[in-house]
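Each chain is listed here by its residues.
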Amino acid sequence: MNYFDFPVIGRRSIDEFTIGDDTLPEPSVLGNVQSTGNWVFDRESTPRKATEYWFHSSSQLWFIVERNTETDEIFSAETLSG
Amino acid sequence: MSIRLLKHAFIENYAEPCWFNTPSTLKDTYDVVIIGAGGHGLACAHYLAQDHGITNVAVLDASYLGGGNTGRNTTIIRSNYLTPEGVRFYDASIQLFKELSLDLETNIFYSERGHYTLAHSSATLRTARWRAEVNKHLGIKSEVVGTDEISRGCPELRIDCGGSHAIEGALFHAPGAVARHDAVAWGYAKSASARGIEIHQHTPVIGLEKDSEGVSAVITNKGIIKTRNVLSAVAGHTPTVTGMLNIKSPIEIFPLQACVTEPIKPWLDTIIVSGSLHLYISQSSRGELVMGATLDPMELHSRRSTLGFVTSLCDQILDLFPFLSGVKINRQWGGMADMTPDFAPIMGTSPVKGFYIDAGWGTWGFKATPISGKTMASTIANGINDPLIQSFNLSRFGDFDLVGEKGAAAVGH
Amino acid sequence: MARRLPTNPNEWIDRKQSIEFSFEGTKFSGFAGDTISSALLASNQKLLGRSFKYHRPRGVLSAANHDANVLLETSDKVNIRGDVEAPLNGHEYYAVNTIGGLKYDAGRFLKFLSALLPVGFYYKAFYRPRFLFPIWEKLIRRMTGLGRVNTKNKMWRQDRKQHFCDVLIVGGGPSGLAAAETLSRSELQVLLVDENIFLGGTLGYQHPYSESGSAFHKNALATIQNSKSIKCLTEHFAAGFYYKKTIPLVGPDGIAEVHAKSIIFASGAYEQPIVFRNNDLPGVMLLSAAERLLHRYSVVGFDVGIVLGANSGSYERAINLKLAGANIVAIVDLDIEAISDEKEAAEKHGIEVIYAKKIIEAVSEKNELSHFKILTKDGVARTMKCDGLLMAAGWAPASNLLVQAGATLDYSDELKQIIPAKMPVGLFAAGQLNGIHELNQKIQDGRGAAAEALMFLNKPSEEISRPERENRAYSHPYPIQTHDKGKEFVDFDEDIQITDLNVAWREGFKSVELMKRYTTIGMGPSQGKVSNMNGVRILAELNKKPVGVIGTTTPRPFTYPVAIGALAGRRLRRYWRSPLHDCHIKANGHFEEAGLWLRSMTYGTGDFNQRVEREYATVRHAVGIIDVSTLGKIELFGSDSVKLLEYAYTCSFEKLTKGMTRYIFMTDSSGVLVDDGVAAYLSEGHFYITATSSHAHAVVKQLRLFAAQLDLNVTIIDRTRQVGAINLAGPLSNKVLEKLADQPLDSKTFPYLGVRDMTVNGIQSRVMRVGFVGELGYEIHAPANSLKNLWEALYRAGKEFNIRPFGVEAQRLLRLEKGHLIFGQDTDGMTTPYEVNLGWGVKLSKERFLGRHSLKELKVSVARKMVAFRCQAHDRVEIEECNLIIHENDIAGRITSVSYSPYCKATVGLAMLDADSLPADDIIMIKTTSGEMIPAQVATLPFYDPKNLRQDETTLESSS
C-alpha cells in the first residue's frame, strides 16, 4: 500500500484519491501549439517527477501532488486553495 | 503422432535447431531496425522477410525476447470491436492467427473458446447490442444473448451476481479465442531468424538520430547502427522512444496487472469478461485460471504488483464464481500499457521520415500481433501506410479525427 | 508398520487426541498437531501423490511445503498442501490428478510416452492438420490441472486486518528470535511472524542437541513472552513484499496486512535436492524433511536410511538424526574433500562413510525406493538397500521477498550459494538467508540485524557486529548427476529432467527467463523453491558462465499460494436509496439499479407496455409524479459563482436573470459532451444547479477543481443526498400544487423556467418550472427528510385529479416525444454539442471556458448528426436501441432512442448518423436485430408540442 502524510487530512492511502484528467485550466489563448488537437491530446508520459492534481472524495479536497512516475514515490502534497 | 516428436524420442540427444539466432555483434547498418522483440516486432520482422523479401533487419530488445507485454498479457483474441476499421483490422488478425500454427510450424495453441462480455445493466446491454449489430453487419459472429444462453454456455456462472447488479445479458462473440503468447513470439522469431533476420536481445536503444532525410541512426549499448528505417514496437515504453526524436504523442503509460491460480482441473471453457466488475477470466491449457482487471488508475512506469489489485479482483470474482473461495492465487505480475485517448492503436508513419510507430495498444495488443506485424511490414516496405491501418495514424489527433472506439467506453480485453 | 517413535518432549503432536481420517479410501489415524503428510508417513503410507505430467509416484520431499508433491483434495477443498495442513477428523482425502486412484493411476502409463513428450512438445505437435487440434486440445485439457474444484462449494470470505509496526521480523528461527530478543530492550513495536505453529525454526530440528541453542531458545521465548512491545504471529507466512514495506501475512483466519518501518528478514533457506536418476521416488527426501518429521512429529519415514551428503554440516546432521532414533546406516559423501574428523565422528556412531564418485540411480520396488546405486570413489559400483535416502546438498535462500523489495543477489564462490548483495534501506537480512549457517553465528547475525534496524530508526543501540561468513561451502557447486536413461528430475512440479533443459538450451532458450518459459521450470505450484537453484546451475554449466552471471528469474508474489476467499476480504457493498424508496415499494414499483441507486422504472400491474402507456397517459392528460432525487444538486455561493459557471459550462450566463433557470451542459477539453443539467439563478452570487444522476459527483469534483485553479471566490456545496426532488408534471399539475403551495403559480408571477423558494405543505422547498417531459411541470426540491411527507401530501392533493406515480420508462418516452436528449444514451463517449443540435448552447465568443478551443475546431467539421425519425407503420415496430442505420450497405449510424409514440401513433426515435450519409430523400434504412431492413422518415423535432403551448396554463385551460 502506498500512503503519504497529506496536509489537513493526515496519512492516507493513495487508493483514496482519484486523479484529475485535465490538469491545467484551459487558457483563453493557446500559446505556441502545433494544432488545437495536439494541445488537447498530446501528453508527456515518460518516467519523471510529475505534478498532478488529486481529488480526495471523502474530504472533497483537491491536492497538488508531486510524484515520481517510475517509483510511485510521493515527494509533496499541498491543498489546492480555493 | 508428429515426426518431430518421434525424432525426439528415438534420436539420442536430439534437439531441433535453435529457434532463433543470438548474434553477438551488431552490423554497422541494416535496412530496417525494429526496436522491441515482442510479438509485434518479431511479427513485423517475419512479414518483412516473407512478404517483402527484406531480410537485412535487426530486431533489438532491451531484455529477452517476448519478455514485455507479449509475455504478460492474458492471451485473449477477439474482433468484436465497435468501428468498422477496428473490426476489419482485428478480424484480419484472427484470420492470420487461425493459420499461424501451420505458417510458423509452431503450435500456438490457438483455441476458440467463445467470449462473453457480461452486461450488468440495461445501459451496458445497449452498448453490447451496438457492438453486436456492427459485428453482424460486417460478418463477424457476435450477438446479444440472454441469461439462459449464458447459463448454457457457462453453467457455473452466478447470474444474480451475489445479489447486486445481476447479469442481464451478454455480448457473445463465438470466435473469441486464446493462444499461447510465448509460442507466438517464439514462432515469429524462429521464422524471421530462419530467413536471416538478426535478433539482438539485451541490446537496449539509448538514442535515435535524424538528419534532413529523416531517421538516420539507432544508438545502442553495443554501438551505433546506421539505418533509414526504424520501427518502434515497444508498447509500455513508447513515449521514451518517440521522445528520442522529439515526437509528441497522446500515449500515456498505465500499469496493467494479472494473476493466475494454481492449476485445477478445467471447468471453465469460455472466456468471461465483466466490465462493471472490472475483471476477465479464462482457464489455460495448464489448468490455471488466468485473471485480470482494468488498468491501475495512475500513470506509472513500473511492472510492480500491488496487493490492492489482487484483493479487489478476488473480491469481485466471488460475485461471479462463489465456489472459488478455496482456490488459491499462485502468482501475480504487472506490465505497462500504452493508452490512447480513443482506445485505438497508433500505427504507421510519423512526423520523422523512416520512423514508424506501432503503439498505443492499450491492454497490450496481443490479439493484433499478426496483423500489426503484417501491416507494419507493408508500411515500412512501401513507405506509405497500409490501407488497413490508415485510420490509426498518429496525425489523427492533431486533425481531431479520432477513431470511434471510445464511443462505447466499456471495458474489454 | 508403525513409524512413530516414543514420545519426545519437544514434539508438536498431542498423543492424547487422535484424528481419524481416510486417504484414498483407506482409514488412517494421526494425532492432533500432525500434518497430513506426517500422519500418513507414520502409518507407513509413503506414496502420497502423482506427478503432474508423467503421473510418477511421489512422496514427501521437503515436509515443509517447499515442494508440491503432496497435493490432496476432499469433496470441498482443492489442492490441499499435505505437508503443512492438519488432517481433520472424518475427512476423506484423495491425491489430486490421478486417473482411477493413486495406487493404480492409469496416468502412470504416460511414462512410456515420456520420450515422445520432450520439453516444448506441445509447440511442436498437434497442429497439423488444423482440424484435429480441437480434439487434441480436449485431450490435453482432460489431462491437465491438479485438483478438482467443487462448483457447488459455498462462498467464504475472511477479514483482512491492518497492522502497523516499527520492525517486522520475518521468521522465528535462531536469527529471528535473536533479533526479537535484542529489540525487546527498545520501546519499538515489533511483530515477529513465523509460518509454523511454534517458534524456533531450525533450533528444533537441525540443532536439537546444542545446549547453547536450547538455552538461547528458552531464554528468547521467555523474553518475547514477557515483552509488551513484541507481538508474535505464528502460523502466518509473509506472502509478498509490496510498496512502502507492506507485507501481507497469511494465516488460518485470513490476512494481516503489515506496514512496517523496518523489516528484518530471517526467512532461512530452502534445502535443495540432488538431481539424479529417480530422485523423485517416495523415500527420497531432503535431510531437513527427515529432521522435521522426526523432531516435530516423531515420525521416521524409513527403516534403513542413507544420508546423501554433499556439504558441510551433513555429517553432524546425520549423526543427530541417528541419535534421535532414525536408522541411518551410511553417509554417501559426494564432496570428496570431506574433513576427516567428521568421518571419524560418524563412524563412531555406527554410520558407514562412503565417498562416491557418482550417483547412478535410485531404484524402486512397488512405487517406493528400495535400492540406491553409486559408483564409489574407487570406481566400484555399489548397490545399497535402503528405503530412505536423505539429500543434503545445499541451500537456496528464501529470498523472494528481498528481491521483490529491490535487493540484489550475488553468488558466493566460497559458500557456493546465493546471498543478498545490496539491501534497500531499512531492510535487513539475517541468518541462513544471509549465508550464515553455524548456529551461534545465526544468533549473532540476528542480533546484528536488530542493531542495524535500531540505528535505521534512530534508536540507541549497542554496536553489534555481524559475523563473518564462513569460507566453507554449505552447498555443493553442482549436485547434478546425469544418467543415460534420464529421469533425473530438476523440477518435481513440472516433471522437468536434465535433458529438457539441455534441449531447451540447444534450441536457443539460453537465458534464465526464456528457459523458464520454454520448459516451465519454476512455474508450478511451488514456484521453483526446490528447482530454480539447480536449474540455474545447469544453465550456467551449459552457458559456460559462472552461476552469478546467469542470474535468477524474477520471483513474484505469492510465497505460497493464497486463497481467493482470504484475499477477497469482507464485502462492503455500498448502495444509496432515495428518501422515497418506501413509497415506491408501496406503489408496486419495478426497480432497476442505476449505479448505487435503485430507481423505479414502472409501477403497478400489467405488462411492460401497458404500465408505460398508463403512466404516459397520466402525464399527458392529468398529472403524474416522479421521484428525481437521484439528480445531482449543487449550490454555489460567492461573488465568483458566475465566473465558475462561465468556465465550466459552454453557454453564456449573461442573460440569465434572477428567479430564472436555464439548460446547461459541459464538455471536456476535447469538446465531448460530459453532462447536462439546469442552472437556477437565485440571488446575487447564489446559484443552484443540477447534474445527471450518474455524474453528480464528477461534476462537483470538477467544479471544485476549477474554483481552486482559477482562484475563485465561490463555495460549492453538494446537496445531492441532503435534498430530494420530485417532478410533478401534467396539465393538471398546477391544480395539485396550488393546494399546497404558499405562493401563486400563475405564469405571470411564476413563468416557465422560473425558480421560486416557497413552502409546499409547509415544507421549505425550491420549485423550478421545467419541461423535460413536455408538460406543465414543477420540479420540487426539498430536504431529504421531508420528502416522503411532501410526496404523500402531493399524492393526497392529486387524488381528485387521478394523480399517479410514473417511472423512468414513461419519462423516457415522454421526453423522446419532446425531443430532449438523455446524456449517456443519446450521446456517447465522442459526441460533441454540434452533433446533437446543441450548438445554440455553445458561446464561442466567451473569453474562456473548458472545451472552447476544441469546440471552435469541431464546429466546422461536424462528423455526425443526430436526426429524428418516424416509421411509417402505425403499429409498434420492433426496432431496438443500437440497431444500425445502413446506407449503401455501409454502416451510417445507429439508433440511440426508440419507442412507440402514442402521440404520433408510430414508432419514433433518435439516430446518430454520419454527416456524409444523410439521405437526400429523407428516408433512412434501419437494420433490426433480426436483420430486417425497415425504412423510416427523417422527422423534425420535437414530435410533440413544437410551440411549447403545453407550458402555459392559460392555453391549456382554453384548449380543454
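Residues numbered from 1 in each chain as written. Chains lettered and ligands numbered in written order. Predicted model: local features only at pLDDT ≥ 70, side-chain atom pairs only at ≥ 80, totals over all residues.

1. Regarding the overall build of chain B
Then, in step 1: Helices and strands together make up the secondary structure of chain B, namely 10 helices and 20 strands.
Then, in step 2: For chain B, the C-alpha radius of gyration of 21 Å lies close to 22 Å, the compact-globule estimate for 413 residues.
Then, in step 3: Oriented by its inertia axes, the alpha-carbon framework of chain B measures out at about 65 × 65 × 40 Å.
Then, in step 4: Burial status across chain B gives 66% buried among its 413 residues.
Then, in step 5: Considering only intrachain contacts with a sequence separation of at least 6, the fraction spanning at least 24 residues in chain B is 75%. (Helix = DSSP H or I, 4+ residues; strand = E, 2+ residues; numbered from the N terminus. Rg over C-alpha atoms; globule rule 2.2 N^0.38 Å. Buried ≥ 20, exposed ≤ 12 C-beta atoms within 10 Å, placed from the backbone. Contact = placed C-beta atoms within 7 Å.)

2. Comments concerning the overall build of chain C
Then, in step 1: Within chain C, the regular secondary structure consists of 25 helices and 47 strands.
Then, in step 2: For 960 residues, the compact-globule formula gives about 30 Å, and the C-alpha radius of gyration of chain C, at 39 Å, lies well above that figure.
Then, in step 3: Overall size of chain C, expressed as C-alpha extent along the three principal axes, is 120 × 75 × 55 Å.
Then, in step 4: Within the span of chain C, comprising 960 residues, buried residues form 56% of the whole.

3. Observations regarding the sheet that holds strand β5 (residues 115-119) of chain B
Then, in step 1: In space, the 9 strands of this open sheet follow the order β6(B)-β7(B)-β5(B)-β15(B)-β16(B)-β17(B)-β14(B)-β18(B)-β28(C), with mixed pairing throughout. The sheet is open, and its two edges are formed by β6 (142-145) of chain B together with β28 (562-563) of chain C, each paired on a single side.
Then, in step 2: Where strand β18 (residues 328-339) of chain B and β28 of chain C come together, 2 bridges link them in antiparallel fashion. Each residue of the ladder has a partner; that of I329 of chain B, found in β28 of chain C, is V562 of chain C.
Then, in step 3: Across the sheet, helix α4 (residues 122-137) of chain B is in contact with β5, β6 and β7 (169-173) of chain B; its angle to β6 of chain B comes to roughly 150°.
Then, in step 4: The sheet strands contacting helix α8 (residues 307-320) of chain B are β14 (252-261), β15 (271-274), β16 (279-283), β17 (289-292) and β18 of chain B, and the helix crosses β16 of chain B at an angle near 75°. (Pairing = 2+ DSSP bridges. Axes fitted to C-alpha atoms, helices over the stretch in contact; angles between N-to-C directions.)

4. Notes on the interface of chain C and chain B
Then, in step 1: In this assembly, 78 residues from chain C lie in contact with 73 residues from chain B.
Then, in step 2: Of the residues contributing to the side of chain C that touches chain B, the split by class is 34 nonpolar, 17 polar and 27 charged. (Nonpolar A, V, L, I, M, F, W, Y, C, P; charged D, E, K, R; others polar.)

5. Structural notes on the sheet that holds strand β42 (residues 864-871) of chain C
Residues and elements named next belong to chain C.
Then, in step 1: Taken in spatial order, the 6 strands line up as β42-β45-β44-β43-β46-β47 and close into a barrel, and their pairing is antiparallel. For this sheet the average axis-to-axis angle between neighbouring strands, irrespective of direction, equals 45°.
Then, in step 2: Bridge count for strand β46 (residues 923-927) against strand β47 (residues 933-939) is 5 bridges, and the pairing is antiparallel. Directly across from I926, in β47, lies its bridge partner I934.

6. A word on the pairing of β18 of chain B
All names here are of chain B.
Then, in step 1: Most of β18 sits inside the fold, with 10 of its 12 residues counted as buried.
Then, in step 2: In this structure, β14 lies alongside β18, joined through 10 bridges in antiparallel fashion. Bridged to F254 within β18 is A337.

7. Looking at the confidence of the model for chain C
Then, in step 1: Predicted confidence across chain C gives a mean pLDDT of 94, with 99% of residues reaching 70 or more.
Then, in step 2: In the predicted assembly, ipTM is 0.96 and pTM is 0.95. (pLDDT = per-residue confidence, 0-100.)

8. A few points about the nonpolar core
Then, in step 1: Formed by 422 residues in total, the largest nonpolar core has its most connected members in I34 and I317 of chain B together with L168, I169, I264, F265 and L390 of chain C.
Then, in step 2: Beyond its immediate stretch of four places on either side in the chain, F265 of chain C contacts V170, L401, L402, L427, F428, A429 and L433 of chain C. (Core = buried A, V, L, I, M, F, W, Y, C linked by C-beta atoms within 7 Å.)

9. Overview of the interface of chain A and chain B
Then, in step 1: With 18 residues of chain A at the contact, the number on the chain B side is 22 residues.
Then, in step 2: Elements with a contribution of two residues or more to the side of chain A that touches chain B: β3 (17-19) and α1 (36-41) of chain A.

10. Some thoughts on the environment of V40 of chain A
Then, in step 1: As for its position among the elements, V40 of chain A is in helix α1.
Then, in step 2: Sequence-wise, V40 of chain A and E26 of chain A are 14 residues apart; in three dimensions their C-alpha atoms are separated by 9.7 Å.

11. Observations concerning the domain arrangement of chain B
Residue and element names in this part refer to chain B.
Then, in step 1: Structurally, chain B comprises domain 1 (28-73 + 182-250 + 342-408) and domain 2 (113-176 + 252-339).
Then, in step 2: Spacing between the C-alpha centres of domain 1 and domain 2 amounts to 29 Å.
Then, in step 3: Counting from both sides, the interface comprises 14 residues of domain 1 and, opposite them, 12 residues of domain 2.
Then, in step 4: Within the side of domain 1 that touches domain 2, the residues separate by chemical class into 6 nonpolar, 7 polar and 1 charged. (Domains from an automatic or database assignment.)

12. Looking at the environment of N73 of chain B
Residues and elements named next belong to chain B.
Then, in step 1: Here N73 lies in the loop between β2 (57-60) and β3 (76-77).
Then, in step 2: With 24 C-beta atoms packed within 10 Å, N73 lands in the buried category.
Then, in step 3: Sequence separation between N73 and V32 is 41 residues; the distance between their C-alpha atoms is 27 Å.

13. Points about helix α22 (residues 787-798) of chain C
Residues and elements named next belong to chain C.
Then, in step 1: Across its 12 residues, α22 extends 16 Å between first and last C-alpha, which sits within 8% of the 16 Å expected from 1.5 Å per residue.
Then, in step 2: Taken together, the buried positions of α22 are L787, L790, W791, L794, A797 and G798. All buried residues of α22 lie within an arc of 130° about the axis, which places them on one face of the element. (Expected span 1.5 Å × (residues − 1). Arc of directions from axis to C-beta.)

14. Brief notes about unusual backbone geometry
Residue and element names in this part refer to chain C.
Then, in step 1: Residue P129 follows R128 across a cis peptide bond; omega there is -5°.
Then, in step 2: Take P129: it is sitting in the loop between α2 (121-124) and α3 (133-143).
Then, in step 3: Positioned with a positive phi, N367 is a non-glycine residue whose angle comes to about 70°.
Then, in step 4: Checked against the element boundaries, N367 lands in the loop between β18 (352-365) and β19 (368-376).

15. Let's talk about the environment of V760 of chain C
All names here are of chain C.
Then, in step 1: Mapped onto the elements of the fold, V760 is located in strand β38 (residues 755-760).
Then, in step 2: For V760, a count of 26 C-beta atoms within 10 Å corresponds to the buried category.
Then, in step 3: Residues V760 and Y122, 638 residues apart in the sequence, show an inter-C-alpha distance of 76 Å.
Then, in step 4: Contact partners of V760, with chain neighbours within four places excluded, come to L737, L740, A741, S765, I780 and L790.

16. Observations regarding the packing of helix α8 (residues 314-323) of chain C against helix α9 (residues 340-348) of chain C
Residues and elements named next belong to chain C.
Then, in step 1: Two elements in contact, α8 and α9, have axes whose closest approach is 9 Å; the angle formed by their N-to-C orientations is 10°. Judged by the inter-axis angle, α8 sits roughly parallel to α9. On α9, the residues that touch Y315, A318 and I319 of α8 are E342, A345 and A346.
Then, in step 2: The class makeup of the residues in the contact of α8 with α9 is 5 nonpolar, no polar and 1 charged. (Parallel < 35°, antiparallel > 145°, perpendicular 65-115°, else oblique.)

17. Some details on the pairing of strand β2 (residues 26-32) of chain C
Two faces belong to every sheet, and in a regular strand the side chains alternate between them.
Residue and element names in this part refer to chain C.
Then, in step 1: Taken together, the 7 bridges between strand β1 (residues 14-23) and β2 define a ladder with antiparallel strand orientation. The residue of β2 that forms the bridge with I19 is G30.
Then, in step 2: Linkage of β1 to β2, two consecutive antiparallel strands, is achieved through a turn of 2 residues, within which E24 is found at a positive phi near 55°.

18. Concerning helix α20 (residues 696-709) of chain C
Then, in step 1: Given a rise of 1.5 Å per residue, 14 residues ought to cover 20 Å, and the 20 Å separating the end C-alpha atoms of α20 of chain C matches this to within 8%.
Then, in step 2: Burial analysis of α20 of chain C places 12 of its 14 residues in the buried class, which makes it a mostly covered element.

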